[in-house]
Amino acid sequence: MMVAFILLGALALVGGVLTIAARNAVHAALGLVFTLLCVAGLFATMSASFLSATQVIVYAGAIMVLFLFVIMMLNANAPVTGQDPVPLVRELAGIGGALLAGALVVLAFTFKDPQPLAQGAAALREGSAGAVGENLLTRFLLPFEAVSILLLIAIIGAVALVQRPAAQPDGLPDDETAELPAGTALTPTINTPGEVRA
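Predicted, not measured: the structure shown is a model, and the values here were computed from it.

**Considerations on the packing of helix α1 (residues 2-21) against helix α2 (residues 25-45)**
Thought 1: The contact between α1 and α2 brings their axes to 8 Å, and the two run at 160 degrees. With respect to α2, the axis of α1 lies roughly antiparallel. Once α1 is placed against α2, the crossing between them reads as left-handed. Within the contact between the two elements, α1 uses Ala4, Phe5, Leu8, Gly9, Leu11, Ala12, Gly15, Gly16 and Thr19 and α2 uses Ala28, Gly31, Leu32, Phe34, Thr35, Cys38, Gly41, Leu42 and Thr45.
Thought 2: Tallied by class, residues from the contact of α1 with α2 come to 10 nonpolar, 8 polar and no charged.

What follows is the structure, given as structure tokens:
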């Protein structure tokens, strides 16, 4: 069981790297599905059957269908090229990632479990639905609600990052229309059958 845990953990890390390194939004979503399935396998190796099933049904299933729907609806399946829509987004992401990694390292070396692992596992009663729900809605209510707000913010941020300027009746986006010199007349171009417009 320990070998399976280590193997699934390594595969989950590989899937996470593929998710953030993919230049295509659909490929990134598929990498995230792979990561979530590996996490479900990790729960299964720890005898948390309910959490494993929930991970597959809710996250790898419903949530990822929602993500793919948003990607297709916003036509964001093209490779990411050109300038970032948000200024300094790469620098801010790098700083945030470095701070998060540092916080995780500090937490890993300083955290002390308030109760023995065996006692905590016994309280969850092999990951049954009733025990998990009782812990989530009592002891871990604030983190549970914080994660839901975080998911909402992530979806709103994804929509904001991939939004495109609306096309004008003349066929030009807002930014191209604004760059035209004053007094420039926009004449529509009509292509005859068989004519290729340059």
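**Quick notes on the nonpolar core**
Thought 1: Judged by nonpolar contacts, Val26, Ala29, Val33, Leu36, Ala60, Met64 and Ile71 together constitute the single largest core of 7 residues.
Thought 2: Those elements giving two or more residues to this core turn out to be α2 and α3 (49-73).
Thought 3: Per-element accounting of this core gives the leading share, 4 residues, to α2.

**Some remarks on α2**
Thought 1: Taking 1.5 Å as the rise per residue, α2 with 21 residues should run 30 Å; its terminal C-alpha atoms sit 30 Å apart, in good agreement.
Thought 2: Of the residues making up α2, those classed as buried are Val26, Ala28, Ala29, Gly31, Val33, Thr35, Leu36, Cys38, Ala40, Gly41, Leu42 and Thr45.
Thought 3: Tucked into the core, α2 has its buried residues touching α1 and α3.
Thought 4: Sitting at the amino-terminal end of α2 is Asn24, which places a side-chain oxygen 2.8 Å from the backbone nitrogen of Val26.
Thought 5: Where α2 ends, the next residue or the one after it, Ser47, has phi of about 65 degrees, a positive value.

**Observations concerning the side chain of Ser52**
Thought 1: Note that Ser52 resides in helix α3.
Thought 2: A relative accessible area of 13% places Ser52 in the buried class.
Thought 3: Side-chain polar atoms of Ser52 contact the backbone oxygen of Ala40, separated by 2.9 Å.
Thought 4: Residues contacting Ser52, with those up to four places away along its chain left out, are Ala40, Phe43 and Ala44.

**Digging into helix α4 (residues 89-110)**
Thought 1: Look at α4: 31 Å from first C-alpha to last across 22 residues, which is about the 32 Å you get at 1.5 Å a residue.
Thought 2: Burial of α4 is sparse: only 0 of the 22 residues sit out of reach of the surface.

**Examining the UniProt feature "transmembrane region" (unreviewed entry) in the protein**
Thought 1: Under the UniProt annotation, the feature "transmembrane region" (unreviewed entry) is placed at residues 29-51, 58-80, 92-111 and 140-162.
Thought 2: For the annotated span residues 29-51, helix accounts for 87% and strand for 0% of the residues, and the straight-line distance between the end C-alpha atoms is 21 Å.
Thought 3: Secondary structure content for residues 92-111 is 95% helix and 0% strand, while the C-alpha to C-alpha distance between its ends is 28 Å.

**Here's the deal with the environment of Thr54**
Thought 1: Mapped onto the elements, Thr54 comes out in helix α3.
Thought 2: In this structure the C-alpha to C-alpha distance between Thr54 and Ala129, which are 75 residues apart in sequence, comes to 9.7 Å.
Thought 3: Among the polar contacts made by the side chain of Thr54, one reaches the main-chain carbonyl oxygen of Phe50 at a distance of 2.8 Å.

**Overview of the packing of α2 against α3**
Thought 1: Axis separation between α2 and α3 bottoms out at 8 Å; the angle between their running directions is 175 degrees. Of the possible angle classes, the one that applies to α2 and α3 is roughly antiparallel. Each of Ala25, Val26, Ala29, Leu32, Val33, Leu36, Leu37, Val39, Ala40, Phe43 and Ala44 in α2 lies in contact with α3, whose residues at this interface are Leu51, Ser52, Gln55, Val56, Tyr59, Ala60, Met64, Phe67, Leu68, Ile71 and Met72.
Thought 2: Looking at side-chain class alone, the contact of α2 with α3 contains 20 nonpolar, 2 polar and no charged residues.

**Thoughts on the side chain of Gln55**
Thought 1: Counting through the fold element by element, Gln55 comes out in helix α3.
Thought 2: Residue Gln55 is classed as buried on the basis of its relative accessible area, which comes to 10%.
Thought 3: Beyond its immediate chain neighbours, meaning those up to four positions away, Gln55 contacts Leu36, Val39, Ala40, Phe43 and Ala60.

Rules and cut-offs
Residues numbered from 1 in each chain as written. Predicted model: local features only at pLDDT ≥ 70, side-chain atom pairs only at ≥ 80, totals over all residues. Heavy atoms only, no water. Axes fitted to C-alpha atoms, helices over the stretch in contact; angles between N-to-C directions. Helix = DSSP H or I, 4+ residues; strand = E, 2+ residues; numbered from the N terminus. Parallel < 35°, antiparallel > 145°, perpendicular 65-115°, else oblique. Left-handed = near helix turned anticlockwise from the far one by under 90°. Contact = heavy atoms within 4.5 Å. Nonpolar A, V, L, I, M, F, W, Y, C, P; charged D, E, K, R; others polar. Core = buried A, V, L, I, M, F, W, Y, C linked by side-chain atoms within 4.5 Å. Buried < 20%, exposed > 50% of the residue type's maximum accessible area, 1.4 Å probe, protein only. Expected span 1.5 Å × (residues − 1). Polar contact = N/O pair within 3.5 Å; in protein donor to acceptor, adjacent residues only side chain to side chain. UniProt positions renumbered as here; feature names shortened; annotations may be inferred.

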